[in-house]
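Summary of structural features
Chain by chain, the residues:
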Amino acid sequence: MASFITSWITGLVMGTIMDETKAEVGAEQISSDVSLFSIIDIVLLALIIGGLTWWLVKKNNRNVSNLTSGKSYTIQPTSLTMQTNTDNSFVKKLQSSGRSLVVFYGSQTGTGEEFAGRLAKEGVRYRLKGMVADPEECDMEELVNLKNIPNSLAVFCMATYGEGDPTDNAMEFYEWLQNGDADLTGLNYAVFGLGNKTYEHYNDVGKYVDKRLEELGATRVFELGLGDDDGNIEDDFITWKDKFWPAVCEFYGIESTGEDISMRQYRLEEYDDSLDRVFTGEMGRLHSHKNQRPPYDAKNPYLSKILVNRELFKSGDRNCMHIEFDIEDSKLRYDSGDHLAVYPINNTELVEKIGKFCEKNLETVFSLINTDEESSKKHPFPCPCSYKTALTHYLDITQNPRTHVLKELAEYCSEPAEKEKLKLMAGTSPEGKALYQKWIIEDNRNIVHILEDLPSCKPALDHLCELLPRLQPRYYSISSSPKLHPTRVHVTAVVVEYKTPTGRVNKGVATTWLREKIPNSNEVAPTVPIFVRKSQFRLPNKPQTPIIMIGPGTGVAPFRGFIQERNHSKQEGKQVGQTILYFGCRKRNEDFLYEEEFLEYEKNDLLTLKVAFSRDQEKKVYVTHLIEKDADVIWNIFENNGHLYICG
Ligand SMILES: Cc1cc2nc3c(=O)[nH]c(=O)nc-3n(C[C@H](O)[C@H](O)[C@H](O)COP(=O)(O)O)c2cc1C
């Protein structure tokens, strides 16, 4: 039962990973998510009764295994010591640069890091010159010495992942807090947590850090703030921040200087075209795309050849791709259930529009150089590069911009009405917040749409490049098993395209780009930068263990890998337990993914296939209906220590 619950939770996490890039979630995926929650209701009720004890056992053991990062590590006994390195002395850095505010971030996809940057920057307004710091690069034991700096304050912007786990960069700090017993008396702190309410462990890391620092003797200067990424995390942050600063002023007996903090963090250098060491889209090492060298990871992705890219839908106006990536010479390894990360590039048309609106030659090579010489982050992205490279490879130009970006854009409007509109949305008035919600979020405007709709706004392109967030890799559930396909990774992805309320067509960054990457035997195969991210979405160790997989739509992707793996075990003569797949889609003749393969496995007595076609008859049928009907079978599998997985 314990493993069953683990699988259930992991399934939920997995479902979210599939939807990680919100801008790329199609309407069909959203509707499968909604139906999944009904499944969860049904199944969970039964579960809670039988599995509570095991659940508690698991919860207590949670600290022993990290469930999101894929990193393996060992917990040390109570006096865990972190590596001390004088270069990592954030206290020295603060002292040498006359600062007293340090803002740490635990961030995976950049939101926490961005919030930390904004807080550190705003500090000058309150005579608290600030510095952003990555806990992974700091000796966090120095927190005990921070009190030696007058009016010092440590702020923590901490995101939560998986089953309430910290981000990779905050892992060591988190363990230190959990296992250490430092005396933090005299340390002044505040915490803002980043999370998502749809997760069971909502903002667990922020809550824990806030509580634990107090337990260790530190003084909370302002109450814990909680940001919900399912709602409007930007709004949560500015609402918290606007009360945070007055509380800080009261605590230290200081006043706002009223200073405008829209100063730049990076200075610009532009070069003539003779420069030879110019980044052209590499993530870390210059020329790494030309001289590929393992090991491959997020900073050194492997340029993989696309060997197959075929359409899976038989009819209809939507597209679903089956893509096979070549990993033969890469030394990359994967397990079924892992994720493939793909670094996409932005649409050329959008990139060129930005160049046009900003009236800048996109071929110009430039660098953004941190004005804070103490900072470990010298550039916001690999520099020098051309503006075209920055906008194509490194910056997210399709997200809804956050309010601080609008504030800076306002300064570049020559038309007073347009300037006021941006300022209003960037402000904290209820009217401004409502306008931001409507004009940016609901109308789904990205930076290109804003510049299009506010024609007098002509930002300096280098400033815009400083403001835009980094383009993130997209994660896809791997839909193959290495047992069957050791040299290839398969991915199953629906092409995202939808109309926004302003009548524009928004296209998913990665899927639209991948769609064009069709291998042709006469040409060199198209290549894509990839790396494998380990997951905890795993088959039970013993093939005899019965499993139920619920995977409507592209939620079936990881289960194709699981089924291939179970089939491999069967062919090796091993006994394989019941393997049940619930799959749902619109119509049998339209979007039944991998129909032939699944029917073949069913014919060979490996798979029990349960399918729901919502639009093939008058009355809608979803996987939830099938599960309800099969309650007895499912319960029987639970009683045999089966595993249940949900993905969608
Ligand atoms: C795969 C995944 C797992 C997540 N798990 C949780 C969770 O367990 N609890 C929670 O409150 N939020 C969870 N979140 C939401 C993130 O914490 C939230 O989106 C946050 O803003 C991310 O911050 P970052 O951009 O700084 O990494 C999860 C998000 C993803 C993509």
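Residues numbered from 1 in each chain as written. Predicted model: local features only at pLDDT ≥ 70, side-chain atom pairs only at ≥ 80, totals over all residues. Heavy atoms only, no water.

**Here we look at the confidence of the model for the chain**
Of the residues in the chain, 86% have a pLDDT of 70 or more, and the chain-wide mean is 87. For residues 1-86, every residue scores under 50 in pLDDT, and the model assigns this stretch 159 contacts once sequence neighbours within four places are set aside. (pLDDT = per-residue confidence, 0-100. Contact = heavy atoms within 4.5 Å.)

**Description of the environment of glycine 503**
Inspection of the secondary structure puts glycine 503 in the loop between β15 (497-499) and β16 (505-507). Taking C-alpha positions, glycine 503 is 9.2 Å from aspartate 443, a pair spaced 60 residues apart along the chain. (Helix = DSSP H or I, 4+ residues; strand = E, 2+ residues; numbered from the N terminus.)

**Overview of the pairing of strand β1 (residues 101-106)**
Counting buried residues along β1, 6 of its 6 residues qualify, which places the element largely inside the surrounding structure. Across 6 bridges, the pairing between β1 and strand β3 (residues 153-159) is parallel. Looking at β3, one finds that phenylalanine 104 is bridged to phenylalanine 156. Direction of pairing for β1 relative to strand β2 (residues 130-133): parallel, over a ladder of 4 bridges. The residue of β2 that forms the bridge with valine 103 is valine 132. At this point the chain moves from β1, through helix α4 (residues 111-122), to the parallel β2, and the crossover so formed is right-handed. (Buried < 20%, exposed > 50% of the residue type's maximum accessible area, 1.4 Å probe, protein only. Pairing = 2+ DSSP bridges. Right-handed = clockwise from strand over helix to strand, strands pointing away.)

**Concerning the pattern of salt bridges**
Under the definition given, this model contains 37 salt bridges. Between glutamate 466 and arginine 264 there is a salt bridge, with its nearest N and O atoms 2.6 Å apart. On the criterion of sequence distance, the pair formed by glutamate 466 in helix α14 (residues 461-467) and arginine 264 in the loop between α7 (233-252) and β7 (266-271) is long-range, its members being 202 residues apart. Lysine 360 serves as the salt-bridge partner of glutamate 270, at 2.9 Å between the closest nitrogen and oxygen. Taken together, the positions of glutamate 270 in strand β7 and lysine 360 in the loop between α8 (348-357) and β11 (365-370) put the pair 90 residues apart, joining distant regions of the chain. Given a relative accessible area of 29%, lysine 360 falls into the partly exposed group. Among the charged side chains, a network of salt bridges with common partners joins Lys353, Lys438, Asp443, Arg445, Glu452, Asp453 and Arg504. (Salt bridge = Lys/Arg side-chain N within 4 Å of Asp/Glu carboxyl O.)

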